[in-house]
Amino acid sequence: MSYKSIEEIFKHNEKWVKAQLKADPDYFVKLSKRQKPKYLFISCSDSRISTEVIMDAEPGDVFIHRNVANLVPSNDLNTLSAINYAVKHIKVKHIIICGHYNCGGIKTAMTTSDEGILNPWLRDVRDVYRIHKQELNSIKSLSKKYDRLVELNVWEQCINTMKTRDVQKALAEKRIQIHGWVFNMKTGRLTDLNFKAERLAREIMDIYNLFE
Ligand code: CO
């Protein structure tokens, strides 16, 4: 929807409030009670991804963190705080890292352009490229390479969540699962990349383990 003015958004908000109250007079009483979502959803800021819409979920179902190219950088207080709050305090049962094909951030990271403040941010994606350079360089089609980098980026961000203290504790206590998904906006479908934290833990946690 393209709003003609900011005021129009408030009119739509009012329309939405009335529709909710008509369907359920206690809707906002229920909504204002403590949130207890089971899912932490980390996705790209891209305007075409609407978490609740694609999951067919309701407000209150999903704790959401979004940034350019759905990254979990080691030094980003914003992402790390969202993970900490979701895992330690809300005690979500699932962390979902959801990338998407046609991601502008990933595409930009595949080029050599100087993007100013985005340079250090996109460097994390370039690091993903470096780790998987052999596989990516063997893909001849540029669009397939682009799609694969989207998937590998999700995979590496799933691993990055495992490097955090809170997630390591939750995994050890077997109270959390990590999922890597990709959203295809040409079909509307979500794909599960079948990230298995237990298997990855055996491969890499001798390096990243913060306990024992
Ligand atoms: Co994106």
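The rules behind each value
Residues numbered from 1 in each chain as written. Predicted model: local features only at pLDDT ≥ 70, side-chain atom pairs only at ≥ 80, totals over all residues. Heavy atoms only, no water. Domains from an automatic or database assignment. 1 Å grid on protein atoms, 1.4 Å probe; cavity = no way out; pocket = protein on both sides within 12 Å on 5 of 7 lines; lining within 4 Å. Points joined across faces, edges and corners; volume = space filled by probe spheres on them. Helix = DSSP H or I, 4+ residues; strand = E, 2+ residues; numbered from the N terminus. Nonpolar A, V, L, I, M, F, W, Y, C, P; charged D, E, K, R; others polar.

## Observations concerning the domain arrangement of the protein chain
Quite often, the size of an interface is put as the accessible area lost when its parts meet.
Phase 1 of the analysis: Per the domain assignment, the segments of the protein chain are domain 1 (1-33) and domain 2 (35-208).
Phase 2 of the analysis: Its C-alpha centre places domain 1 at a distance of 31 Å from the equivalent point of domain 2.

## Considerations on the layout of surface pockets
Phase 1 of the analysis: For the largest pocket, the calculated volume is near 520 Å³.
Phase 2 of the analysis: Taken together, 22 residues line the largest pocket, and the ones lying closest to its centre are Val72, Ser74, Asp124, Asn160 and Lys163.
Phase 3 of the analysis: Within the residue set of the lining of the largest pocket, elements represented by two or more residues are helix 6 (118-131), helix 8 (142-162) and helix 10 (197-208).
Phase 4 of the analysis: For the lining of the largest pocket, the leading source of residues is helix 6, giving seven residues.
Phase 5 of the analysis: Residues of the lining of the largest pocket, tallied by class, amount to 11 nonpolar, five polar and six charged.
Phase 6 of the analysis: In this structure, the second largest pocket encloses a volume near 370 Å³.

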